[in-house]
Amino acid sequence: MTVPTAPPPAEAPGGGPEKIDAETRVELYRTMVLVRAFEEAMLREYHADKGPGFDIGKGLVPGEMHLAAGQEPVAAGVCAHLSTDDAVTATHRPHHFAIAHGIDLRRMTAEIFGRETGLGRGRGGHMHLFDPQTHFSCSGIIAEGYPPALGQAFAFQRRGTDRIAVAVTGEGAANQGAFHESLNLAALWKLPVVFIVEDNDWGISVPRSASTSVPSNAARAAAYDMPGERVEDNAVEAVYAAAGRAVARARAGDGPSLIEVHTLRLWGHFEGDAQGYRKDIEDVPGRDPIPTYERTLREAGLLDDDAVSQLRASAAAHVEDAVTFAKDSPAPDPAEALRYVFAGGTS
Amino acid sequence: MTATAETHRLTTAKAMVDGIAAEMERDPSVFYLGEDVGAYGGIFGSSTGLLDRFGATRVIDTPISETAFIGLAVGAAVEGMRPIVELMFVDFFGVCMDQIYNHMAKISYESGGNVRVPMVLTTAVGGGYSDGAQHSQCLWGTFAHLPGMKVVVPSNPYDAKGLMISAIRDDSPVVYMFHKGVMGLAWMAKNRRAIDEVPDEAYTVPIGKARIARPGAAVTVVTVSLSVHHTLDVAEKLAGEGIDVEVIDLRSLVPLDRDAIVTSVRKTGRLVVVDEDYLSFGLSGEVVASVTDVDPSLLRAPVARVAVPDVPIPYAHSLEYAVLPRHDRIEAAIRDVAAA
Ligand SMILES: Cc1ncc(C[n+]2csc(CCOP(=O)(O)OP(=O)(O)O)c2C)c(N)n1
């Protein structure tokens, strides 16, 4: 859906809908498969040692775990337009964006396992991944990743680069003050930001209909005089096209855009969530975006059995290498618990 | 409560809900709102069953808009309703603190006592399960530092119900902070005191009165919430070695029962404070000052403070356990103070 009061995305500076070449299409698929392989491995590792019963504090990967299975098209479609010089601030559900943005899988996995070799030396954990190499960050506090993205964009703008920042929230988070303040400021200062809203219909147990006064967050962009676009059906190529327009606009110095993607949370809000509140649970597997896209690419003659199994095998190997690296890495030394509170302790 | 009252064994979470339900039954102006408090029943079981019992007009799921819905509770309270509003994790207070400390907490004073704000802000606190720096804090010292709100922190089922009823009936704003580790949740490590007999009838536990969780003569340990349980475990162990520990469960930080602290230290002459909040500028310093302000000579040994050493709560298990006040650190502190 395009909001009529904002400039239609197709006419936005930077060109109309992009044509997508075969290589890019396979690449989008490859990214989605890698993300899914990772999330499936996390699912396995997370639950492996929580018993008997389910104790959230137990095991190799303790604490809350929010997996992004089903939401791969958003990260794949957006990050295909970025280089690691661009910034991404993700949410409490960060793995798909981290991976699609090219984070080091070993160090990310090690962080999730709480190891000294992790991105944050085990201090951060799965909701707090920070990687200066890829300008990636995330936050466990809803919508609070939006404002720092403005600052990264501000720095890129001031330095005269065409680098951009991408800020991600869920549709639940779009009801938070920080979301609205950020949209206004970014539009006012024409900051090179692309705002992404992942609408997976649910904020934990609260459906969008009970949390959000408009049918689409794309409509909210109009209030801040920026293009707003909603992509339906979790369609990776449509995300890719919309993101292409928004990214081009930001790089050209024409300011921010907002893209909402109607995506799908395939599993619970967090692991251990029995989802008693959820009514759409039966038809969920039928809407898994990966087999859907795989079918499309097979029909286009871009994938066959061999290619698919090769891609899957290579994703699995990549992930298992990261998991093994994490498991083989040492836990942080308790004597060093106070290190890194202030700058200077990073050697 | 009468001696013949019926009781049931309840977890702390269920006892808390029991208190809320009793008051919702009694007083139609009481309602509960927050994120995932309806069909989900509260992420930490703080509202389980209330939706079925009282319906969606009194048990209300909100958008993720803490400033708006906590502020809404303030406004409704000003108009004479009695809202209970949940901030899912205390760590999220940053997005809505203005409504809490500039509005909820100050209106009564600014109005010269002419406006009352009879509301309860409930929130989950505490760590110990690797939830990282944004989901594991206690922060009760922060709320207690800012004037205008009572701050209660139950440690067990009986108090959880009685303090909740007192909080709802109180005409001042009350912050009710429940530690995830005392709630008796199925999916978290439980201490054995997280389930206990709780009277079916409505009863109150006075806000501002500490409880002697274990009488003793040798060392006073002043603490609150989950640390009460760790300390009781340690006290039982040390009793076998002849170190007789008195454990004081503060139950509320505001008002602080300074008399109970002084009375105990007058008896033992030795003080350990155990606090799962940050060390500096917080509860532990306040407890010590409660004694030294009255009579420093009551102390026959230096005080020990066991708290989180001013570091964000680390994620990795090895690091988190190194900074939290757990059995090993509490035991060492008590031994030191007892021997000094
Ligand atoms: C300020 C704040 N309030 C509440 C929460 C608790 N919380 C974590 S995730 C979540 C739901 C988020 O929903 P949405 O933004 O739609 O993202 P999704 O989880 O669906 O990816 C909530 C309420 C939080 N982390 N921060």
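Before reading further, recall that the structure is shown in the block above.
Overview of the structure. Being a predicted model, the structure only gives us computed values, none of them experimental. (Residues numbered from 1 in each chain as written. Chains lettered and ligands numbered in written order. Predicted model: local features only at pLDDT ≥ 70, side-chain atom pairs only at ≥ 80, totals over all residues. Heavy atoms only, no water.)

It is worth spelling out helix H3 (residues 66-78) of chain B at this point. Residues and elements named next belong to chain B. Taking 1.5 Å as the rise per residue, H3 with 13 residues should run 18 Å; its terminal C-alpha atoms sit 18 Å apart, in good agreement. Where H3 is concerned, the buried positions are Glu66, Phe69, Ile70, Gly71, Ala73, Val74, Ala76 and Ala77. At its buried positions, H3 is contacted by strand S2 (30-34), strand S4 (82-89), helix H4 (97-104), helix H5 (107-110) and strand S5 (120-125). (Helix = DSSP H or I, 4+ residues; strand = E, 2+ residues; numbered from the N terminus. Expected span 1.5 Å × (residues − 1). Buried < 20%, exposed > 50% of the residue type's maximum accessible area, 1.4 Å probe, protein only. Contact = heavy atoms within 4.5 Å.)

The next subject is the side chain of Thr91 of chain A. Residues and elements named next belong to chain A. For Thr91, the location among the structural elements is in the loop between strand S1 (87-90) and helix H3 (95-100). Judged by relative accessible area, which is 9%, Thr91 ranks as buried. When neighbours within four sequence positions are excluded, Thr91 is seen to be in contact with Cys138, Ser139, Val168, Thr169 and Gly170.

Residues and elements named next belong to chain B. Reading across the sheet, the 5 strands line up as S9-S11-S10-S13-S14 and stay open at both edges, with mixed pairing between neighbours. Looking at the sheet topology across the chains shown, the edges are occupied by strand S9 (211-214) and strand S14 (304-308). For this sheet the average axis-to-axis angle between neighbouring strands, irrespective of direction, equals 25 degrees. One ladder, built from 4 bridges, connects strand S13 (residues 271-278) with S14; its direction is parallel. Directly across from Val272, in S14, lies its bridge partner Ala304. (Pairing = 2+ DSSP bridges. Axes fitted to C-alpha atoms, helices over the stretch in contact; angles between N-to-C directions.)

With respect to spatial proximity, 21 residues lie near the ligand, and among them His92, Gly140, Asn200 and Trp202 of chain A together with Glu66 of chain B are the closest. Chains contributing residues to the immediate surroundings of the ligand are chains A and B. One of the backbone N or O atoms of Gly140 of chain A is found 2.7 Å from a nitrogen atom in the ligand. A distance of 3.0 Å is found between an oxygen atom of the ligand and a side-chain nitrogen or oxygen belonging to Glu171 of chain A. Notes on the ligand: free accessible area 580 Å², of which the protein chains cover 98%. Taken together, the residues of the shell around the ligand sort by class into 9 nonpolar, 8 polar and 4 charged. (Near = heavy atom within 4 Å. Polar contact = N/O pair within 3.5 Å; in protein donor to acceptor, adjacent residues only side chain to side chain. Areas by Shrake-Rupley, 256 points an atom, 1.4 Å probe, with all protein chains shown as cover. Nonpolar A, V, L, I, M, F, W, Y, C, P; charged D, E, K, R; others polar.)

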